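Architecture and fold: a report
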Amino acid sequence: MLKSILGAGLSLPFMSSLAFAQSDGIDKAISEMIAPIVNPIVSTVFYSVPVFGTQFPLIVGWLVIAAVVFTLYFGFIQFRGFKHSIELVRGDYFDPKDAGEVTPFQALATALSGTVGLGNIAGVGVAVYLGGPGATFWMILAGLLGMASKFTECTLGVHYRNEYKDGTVSGGPMYYLSKGLSEDGKAALGKFLAIFFSICCIGGALGGGNMFQANQSFAQISSIIPFFEGKGWLFGLIMAVLVGVVIIGGIKSIAKVTEKIVPGMAIIYVGAALIIILMNITEVPAAVSAIFTGAFAPAAVAGGAIGALIQGFKRAAFSNEAGIGSASIAHSAVVTKHPVTEGYVALLEPFIDTVVICTMTSLVITITGSWIPGNDVTGIALTSKAFEADIAGFGYVLAIAAVLFAFSTMISWSYYGLKAWTYMFGEGKAKELVFKAIFCVFVVIGASMSLGPVIDFSDAMIFAMAIANIIGLYMLMPKVKALLADYQEKLASGEIKKIK
Amino acid sequence: MTDIFIVGFDGSESARHAADFAAERAKLAKAKLHLVQVLEWSPYSFHTPEELAERHMRREQELDRANAIVQPVTDELNAAGVETTCEARHGNAAELLCEIAEAKGAVQIIIGRSGGTGLANRLLGSLVISLAQAAPVPVTIVP
């Protein structure tokens, strides 16, 4: 029953597509024990209404509506400001005196390594499986709209960050919710939203940012390395040790290696997609037309055009996290005199994540003809099949990419969770250690158990972050507008000009 | 106007040789010395979120440490009668030395032969070679 609800109704990222690491016994007992508690929360967050025969989770609507509101309110900032964003990332406005500080490029790269992940590989497979090629059109549209949400939340993240005496910084939704709203005399509401956000952020970090990643990368690995089959605990233990070495041991070298390999993997992935597109260049017009006709008049898709739209919107929201508030934590450390610049930089994130990488995946699936209506190949298996059609053995590359993406996502989320944790319990080495230890334990749990309900719950927590975050964004958006106007004035007057 | 010699300094023995060598020439030429300590740094490197949050603090610490190395040598050379200034900065060593040489209107750059370990330097392309190719002024390499 639960499975069918999750599969058809909630359509969590991979729920319907990938089997969880299976084992019986204790985890089954825990699942049954936890299910009655978490199910109501899960079904509240992912409360869905039937739209033309397809279940539409309201939370996805909440994210998309917010993205539309911010797009209109800031006058299509994602298009007008796109060129300026590129210039900022390129370092055209970076003061050489600040050499050694966090550059816009670094903040963008770090935030991206938290969002580029399984969603880009497997999530798109699910979208095309359920929504047909037309889902791609809506996914791109949602990605483009989401750029405005990122602009808003990352500007606020920098504007309201805490800068401590020792030179470290903390920023993110919990800070702009509490500080920003208290400026408007709504301190109690701000505090409530900030704590609500923090609780969800901790849950999301342990779940979607940890257990889910461990579980799904194990599912991938055990499918290509038979040795690991049924040994989820061993895989989990290895991952937990690696994560622990980085976040507790402070051994930066492993993180550094990953942070270098992950962009490399992303480039290999996009490169392979481009090669396949070029190899089948004659098929491209047909694929593009399939995407457009599929968007408005799809055949063989449940719910027709609306079905395709829902799938595309869902995957985009799940993949780029625009409106969730997480990226704002990573962006807060940048050096800038004008918080708006970080908003400009951050708006590139959904563009790269969704408009570029997700579109590549779905083009490959469409071009190679891997999507056959009625066929039950979906998720990462569908993506893998499409790539394998032209590049034999790419399934292995995908599996390695999946593990690395999962690892870097865990590192990022361990930090997001930690910041929420210290916001609630206060800073301090001992308090931080408690959270980090819990985080590592959850890696093992995530990989070794088939705790469907727990993972659903934590996925729900990630999206619940958007409830508090977006309420805050609506209330604080006039401040962003004022900051933007001030910045644009200085740009126009030449007070801020290119260094290079 | 007094000539300025730029000295690439990293606290190593060979950098010290270069500084002493430069001081001798400066004395003869009545020139000034400017010691530059470069902290290797790239605007395009990747960091974890935690490293980003600590970056500003680390940067200050790195600068303090660098200054603690270069300042005593500067004082020593000044005491020996050679007018010497110094600075520590983040960036690419070759680029920064060229940039500073140009900005200060220096007449030459003096560096030690090798600051770090041989293999790493050879693999990564050493400062000596980059400077030989790109420097706007004559470069003296002190063994």
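Fair warning: this is a prediction, and the values are worked out from it, not measured in the lab.

Analysis parameters
- Residues numbered from 1 in each chain as written.
- Chains lettered and ligands numbered in written order.
- Predicted model: local features only at pLDDT ≥ 70, side-chain atom pairs only at ≥ 80, totals over all residues.
- Helix = DSSP H or I, 4+ residues; strand = E, 2+ residues; numbered from the N terminus.
- Buried ≥ 20, exposed ≤ 12 C-beta atoms within 10 Å, placed from the backbone.
- Contact = placed C-beta atoms within 7 Å.
- Core = buried A, V, L, I, M, F, W, Y, C linked by C-beta atoms within 7 Å.
- Nonpolar A, V, L, I, M, F, W, Y, C, P; charged D, E, K, R; others polar.
- Expected span 1.5 Å × (residues − 1).
- pLDDT = per-residue confidence, 0-100.
- Axes fitted to C-alpha atoms, helices over the stretch in contact; angles between N-to-C directions.
- Parallel < 35°, antiparallel > 145°, perpendicular 65-115°, else oblique.
- Left-handed = near helix turned anticlockwise from the far one by under 90°.
- Pairing = 2+ DSSP bridges.

Topic: the overall build of chain B
Looking only at helices and strands, chain B features five helices and five strands. Scanning chain B from its N terminus toward the C terminus, one meets helices and strands in the order β-α-β-α-β-α-β-α-α-β. The C-alpha extent of chain B, read off along each of the three principal axes, is 50 × 30 × 25 Å. A total of 143 residues make up chain B; the buried ones form 40% of that total. Taking the contacts inside chain B whose residues are at least 6 apart along the sequence as the reference set, 77% of them involve residues at least 24 apart.

Topic: unusual backbone geometry
Of note in the backbone geometry, E321 of chain A takes a positive phi value of approximately 60° without being a glycine. With respect to the helices and strands, the residue E321 of chain A is situated in the loop between α14 (304-320) and α15 (326-331). Judged by the 29 C-beta atoms lying within 10 Å of it, E321 of chain A falls in the buried class. With phi around 55°, K30 of chain B is a residue other than glycine that occupies positive phi space. Tracing the backbone through its elements, the reader meets K30 of chain B in the loop between α1 (13-29) and β2 (32-40). Residue classification places K30 of chain B among the exposed positions, given that 10 C-beta atoms sit within 10 Å.

Side note on the nonpolar core
If you look at the biggest cluster of nonpolar residues, it comprises 171 residues, and the most contacted ones within it are V243, A402 and M465 of chain A. With residues near it in sequence (within four places) discarded, M465 of chain A still touches F197, C200, C201, G204, I324 and G325 of chain A. Grouped together as the second largest cluster of nonpolar side chains are 36 residues, A22, A23, L35 and C86 of chain B included.

Some remarks on the interface of chain B and chain A
Counting from both sides, the interface comprises 23 residues of chain B and, opposite them, 28 residues of chain A. The set of elements that each furnish at least two residues to the side of chain B that touches chain A consists of α2 (49-79) and β3 (84-91) of chain B. Of the residues that constitute the side of chain B that touches chain A, the class distribution is nine nonpolar, six polar and eight charged.

Here we look at helix α6 (residues 104-115) of chain A
Under the 1.5 Å per step criterion, the end-to-end length of α6 of chain A is 17 Å for twelve residues, consistent within 8% with the ideal 16 Å. When α6 of chain A is considered as a whole, its buried residues turn out to be P104, F105, Q106, A107, L108, A109, T110, A111, L112, S113, G114 and T115 of chain A.

Concerning the environment of I141 of chain B
Residues and elements named next belong to chain B. Looking at the secondary structure, you find I141 in strand β5 (residues 139-142). Classification of I141 as partly exposed rests on a count of 17 C-beta atoms within 10 Å. The sequence separation of I141 and G112 amounts to 29 residues, and the corresponding C-alpha distance is 5.7 Å. For I141, the contacting residues outside a window of four places in its chain are I111, R113 and V128.

Focus on the confidence of the model for chain B
Considering every residue of chain B, the mean pLDDT works out to 85; 91% of them sit at 70 or more. Complex prediction metrics read pTM 0.86 and ipTM 0.82.

A short note on the packing of α14 of chain A against helix α17 (residues 348-367) of chain A
Residues and elements named next belong to chain A. Two numbers describe how α14 lies on α17: the axes approach to 10 Å, and their chain directions differ by 130°. Considering the angle they form, α14 stands oblique to α17. For the pair α14 and α17, the crossing hand works out as right-handed. Across the interface between the two elements, A316, S319 and N320 from α14 touch E349, P350, D353, T354 and C358 from α17. When grouped by side-chain class, the residues that make up the contact of α14 with α17 number three nonpolar, three polar and two charged.

Quick notes on the sheet that holds strand β1 (residues 4-8) of chain B
Residues and elements named next belong to chain B. Strand order in the open sheet formed by five strands is β3-β2-β1-β4-β5, with parallel pairing between adjacent strands. Strands at the two margins of the open sheet, each flanked by one partner only, are β3 and β5. Adjacent strand axes in the sheet meet at a mean angle of 25°, parallel and antiparallel pairs treated alike. Of the strand pairs in this sheet, β1 and β2 are connected by five bridges, and their pairing is parallel. Bridge pairing in β2 links V7 to L35. The strands touched by helix α3 (residues 93-104) are β1, β2, β3 and β4 (108-112); relative to β2, the strand with the most contacts, the crossing angle is about 150°.

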